[in-house]
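# Chains, contacts and geometry: an overview
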Amino acid sequence: GVLALPTGRLPYPLTVRYRRGGETLRPLGDRHTRKLRDLFQREGVPPWERERIPIVVDAQDRVVAIADHWLTEEAAALFDSAGSRPVWRRIGETG
């Protein structure tokens, strides 16, 4: 698939990688840090798709976004300052 920032430019680089296991993040608007596994299960993401969903991390390898599914508060502010949020298109999707 393709993870893109349709418009804008971030003030510093982020890295996109795949899941390694054990990742956590505090989703925007949530009081608690959540395990990715729990987020995927709660949203009904099939196990075979979880390994191919792009994860956005900062320079310290902290998860800031999961494709276009979840963002941290810091990531939301960063992307909003750039005027755009990530958009993920799976292979074969159009639009």
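Presented here is a report on the structure given in the accompanying data block. Every chain is numbered on its own, with residues counted from 1 as its sequence reads. Note on the predicted model: pLDDT of at least 70 is required for a residue's local features to be given, and 80 or more for side-chain atom pairs to be given and counted; whole-chain, interface and lining totals, by contrast, use all residues. Side-chain numbers come from the whole structure's heavy atoms, not from hydrogens or water.

### Details of the overall build of the protein chain
Short version of the rule: To qualify as a helix, a DSSP run of H or I must reach at least 4 residues; to qualify as a strand, a run of E must reach at least 2; elements of each kind are numbered from the N terminus. With a 1.4 Å probe rolled over the protein chains alone, any residue whose accessible area is under 20% of its type maximum counts as buried; one over 50% counts as exposed, and the rest are partly exposed. Residue contacts follow a heavy-atom distance rule, with two residues in contact if any of their heavy atoms lie within 4.5 Å. Under the convention used here, a 1.4 Å probe and the Shrake-Rupley method define accessible areas, while residue burial counts only the protein chains that appear. Residues scored as positive are Lys and Arg, those scored as negative are Asp and Glu, and His as well as the terminal groups of each chain are ignored. In plain terms, the charge of a residue is placed at NZ if it is Lys, CZ if Arg, CG if Asp and CD if Glu.
In terms of regular secondary structure, the protein chain is built from three helices and eight strands. Along its sequence from the N terminus, the protein chain presents helices and strands in the succession β-β-β-β-α-α-β-β-β-α-β. Judged by the C-alpha coordinates and their principal axes, the protein chain covers about 35 × 35 × 20 Å. Counting the 95 residues in the protein chain, one finds 37% classified as buried. Within the protein chain, counting contacts between residues at least 6 apart in sequence, those at least 24 apart form 58% of the total. Total accessible area on the protein chain stands at roughly 6,200 Å², and carbon and sulfur atoms take up 49% of it. One way to put it: in the protein chain the 16 positive side-chain charges average out to a point 2 Å from where the 13 negative ones average out.

### Some words on helix α3 (residues 73-82)
Spelled out, the test is: Note that the arc is computed from the directions linking the helix axis to the C-beta atoms.
For α3, the full list of buried residues reads Ala 75, Ala 76, Leu 78, Phe 79 and Ala 82. Across the axial projection of α3, the buried residues extend over an arc of 165 degrees, all falling on one side. Facing away from the buried surface of α3 by more than 90 degrees, the exposed residues are Glu 73, Glu 74 and Ser 81. At its buried positions, α3 is contacted by β6 (63-66) and β7 (70-71). A positive backbone phi angle near 85 degrees is found at Gly 83, which sits one or two residues after α3.

### Description of the pattern of salt bridges
When charged atoms on two side chains of opposite charge get close, those side chains can pair. Quick note on the threshold: Salt bridge, as applied in this entry: a Lys or Arg side-chain nitrogen positioned within 4 Å of an Asp or Glu carboxyl oxygen.
In the structure shown here, the tally under the stated rule is ten salt bridges. Residue Arg 85 is joined to Asp 80 by a salt bridge in which the shortest nitrogen-to-oxygen separation is 2.9 Å. Exposure remark for Asp 80: the relative accessible area of 45% places this residue in the partly exposed category. Three or more residues are tied together by salt bridges with common partners; here these are Arg 17, Arg 20, Glu 23 and Asp 61.

### What to know about the sheet that holds β6
This is how it is decided: Strand pairing is assigned whenever DSSP identifies at least 2 bridges connecting the two strands.
An order of β2-β5-β6-β7 is seen for the four strands of this open sheet, with the pairing classed as antiparallel. In this open sheet, the two edge strands, each paired with only one partner strand, are β2 (15-17) and β7.

### As for the nonpolar core
Side chains that are nonpolar tend, in soluble globular proteins, to be buried together. For clarity, the threshold we go by: Joining through side-chain atoms within 4.5 Å is the link that ties buried Ala, Val, Leu, Ile, Met, Phe, Trp, Tyr and Cys residues into a set, and such a set is a nonpolar core.
The biggest cluster of nonpolar side chains holds 13 residues, and the ones touching the most others in it are Leu 25, Phe 40, Ile 53 and Ile 66. Looking at this core element by element, the count peaks at three residues for helix α1 (residues 36-43). If you look at the next biggest cluster of nonpolar residues, it comprises nine residues, including Leu 14, Val 56, Val 64 and Leu 71.

### Topic: α1
Buried within α1 we find Leu 36, Leu 39 and Phe 40. Considered in projection along α1, the buried side chains sweep an arc of 95 degrees and stay on one side of the axis. At the C-terminal side of α1, Gly 44 shows a positive phi close to 75 degrees.

### Some details on the packing of aromatic side chains
Our working definition: Note on aromatic pairs: the rings of Phe, Tyr and Trp (six-membered ring only in Trp) are paired at centre separations within 6.5 Å, and the planes decide the class, stacked below 30 degrees, edge-to-face beyond 60, tilted for the rest. Our definition puts a charge over a ring when NZ of Lys or CZ of Arg is within 6 Å of the ring centre and also within 35 degrees of the ring normal.
With the rule as written, the count across this model stands at one aromatic pair. Taking NZ or CZ as reference, Arg 52 lies 3.8 Å from the ring centre of Tyr 18, over its face.

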